[in-house]
Amino acid sequence: LGKLYSQRDRLAPEAEQEYLAAVSATNSLSPTYLIALADFYRVRSNDPTDAANALKYYQAALNLQIDPKDPNRQQALIGVARASLKSGQPSDLIFASTAFSQALSISAGDPSVWYDYARSLAAQVSSDPNAVKAALQRALDLDLAYADQALGDDWTPYFARLDATIGPQLRGAQHDNL
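Quick caveat: nothing in here was measured; it's all calculated off a predicted structure.

Q: Summarise the overall build of the protein; cite the residues concerned and give the values.
A: Looking only at helices and strands, the protein has eleven helices and zero strands in total. In the protein, the order of α-helices and β-strands from amino to carboxyl end is α-α-α-α-α-α-α-α-α-α-α. For 178 residues, the compact-globule estimate of 2.2 N^0.38 gives 16 Å, and the C-alpha radius of gyration of the protein, at 17 Å, lies within 12% of that figure. Dimensions of the protein along its principal axes, counting C-alpha atoms only, are 55 × 30 × 30 Å. Put simply, of all contacts in the protein between residues at least 6 apart along the chain, 54% involve residues at least 24 apart.

Have a look at this one:
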């Protein structure tokens, strides 16, 4: 993948073939290449086939015997969780929150993972509002800019029903970020 990684556009038309060749050359035993291919499919489009392919390759990486604390395992968990969150299906939302939780147990320093974890919890009707609030607070502790995102595009689909619990927290963080 040396040629591919030196290119500026990792979503170029030839990128898919390069990723597939790398996965094939390693007999699908390299988590790095499986995750790179899955990431490619996850971000390329909203096509259901790409979403299914992303999940397939993330799952293949997770099925390898990777050390539980390996960063590749965390990347695969985050990828499969984000792909599941994007689907919006109730069973996928539960799977997403579980995968985010497992990824955060490996390393908890990425605010985007905490934020997506909060979104996956908030999207579940039966979720504990305090768990959503705690995950969202961790994201805000790491990066206050997530308050703007939560009160913006993500308010209605994820957080509006929890306004009494998290609304003051978000508005306060947004004010602190000015």
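Q: Describe the pattern of salt bridges, and please don't skip the residues or the numbers.
A: According to the stated counting rule, one finds six salt bridges in the structure shown. Close ionic contact of Arg44 with Asp50 constitutes a salt bridge, the shortest N to O distance being 2.8 Å. Of the residues examined, Arg44 reaches a relative accessible area of 35% and is grouped as partly exposed. Residue Asp50 is classed as buried on the basis of its relative accessible area of 4%. We note a salt bridge from Asp154 to Arg119, for which the minimum N-O separation is 3.8 Å. Of this pair, Asp154 sits in the loop between helix 9 (146-151) and helix 10 (155-159) while Arg119 sits in helix 7 (residues 111-122); the two residues are 35 residues apart in sequence, bridging distant segments of the chain. In this structure, a network of salt bridges that share partners links the residues Arg82, Asp116, Arg119 and Asp154.

Q: Can you explain unusual backbone geometry? Please cite residues and give values.
A: For Asn27, which is not a glycine, the phi torsion comes out positive at approximately 55°. By secondary structure assignment, the location of Asn27 is in the loop between helix 2 (15-25) and helix 3 (31-44). Residue classification places Asn27 among the exposed residues on the basis of a relative accessible area of 61%. Unlike most non-glycine residues, Ser28 shows phi in positive territory, near 60°. Examined against the element boundaries, Ser28 turns out to sit in the loop between helix 2 and helix 3.

Q: Break down the nonpolar core for me, citing the residues and quoting the values.
A: One finds Phe100, Tyr115, Tyr117, Leu136, Leu140, Phe159 and Leu170 to be the most contacted residues of the largest nonpolar core, which totals 52 residues. Beyond its immediate sequence surroundings of up to four residues, Tyr115 is in contact with Leu136, Ala139, Tyr146, Gln149, Ala150, Asp154 and Phe159.

Q: Explain the environment of Tyr19 to me, using residue names and the numbers behind them.
A: Along the polypeptide, Tyr19 turns up in helix 2. The buried category is assigned to Tyr19, whose relative accessible area is 2%. When the C-alpha positions of Tyr19 and Asp9 are compared, they lie 13 Å apart, and in sequence the two are ten residues distant.

Q: Please provide a residue-by-residue account of helix 2, values included.
A: Note: α-helices contain 3.6 residues per turn, so residues at a spacing of three or four share the same orientation. All of the buried residues along helix 2 are Ala15, Glu16, Tyr19, Ala22 and Val23. Projected down its long axis, helix 2 shows its buried positions confined to an angular sector of 130°, all on one face. Helix 2 presents Gln17, Ser24 and Ala25 as exposed residues on the side facing more than 90 degrees away from its buried surface. Just downstream of helix 2 lies Asn27, where phi reads positive at about 55°.

Q: Explain the packing of aromatic side chains to me, using residue names and the numbers behind them.
A: With the rule as written, the count across this model stands at seven aromatic pairs. Judged by centre distance (5.6 Å) and plane angle (50°), the ring pair of Tyr19 and Phe40 falls under tilted. Residue Tyr19 is found in helix 2, and its partner Phe40 is found in helix 3; the two are separated by 21 residues along the sequence. Like Phe40, Tyr19 is buried. Here the aromatic cluster, defined as three or more aromatic residues joined through ring pairs, consists of Tyr19, Phe40, Tyr41 and Tyr57.

Procedures and definitions
Residues numbered from 1 in each chain as written. Predicted model: local features only at pLDDT ≥ 70, side-chain atom pairs only at ≥ 80, totals over all residues. Heavy atoms only, no water. Helix = DSSP H or I, 4+ residues; strand = E, 2+ residues; numbered from the N terminus. Rg over C-alpha atoms; globule rule 2.2 N^0.38 Å. Contact = heavy atoms within 4.5 Å. Salt bridge = Lys/Arg side-chain N within 4 Å of Asp/Glu carboxyl O. Buried < 20%, exposed > 50% of the residue type's maximum accessible area, 1.4 Å probe, protein only. Core = buried A, V, L, I, M, F, W, Y, C linked by side-chain atoms within 4.5 Å. Arc of directions from axis to C-beta. Phe/Tyr/Trp six-rings, centres within 6.5 Å; stacked < 30°, edge-to-face > 60°.

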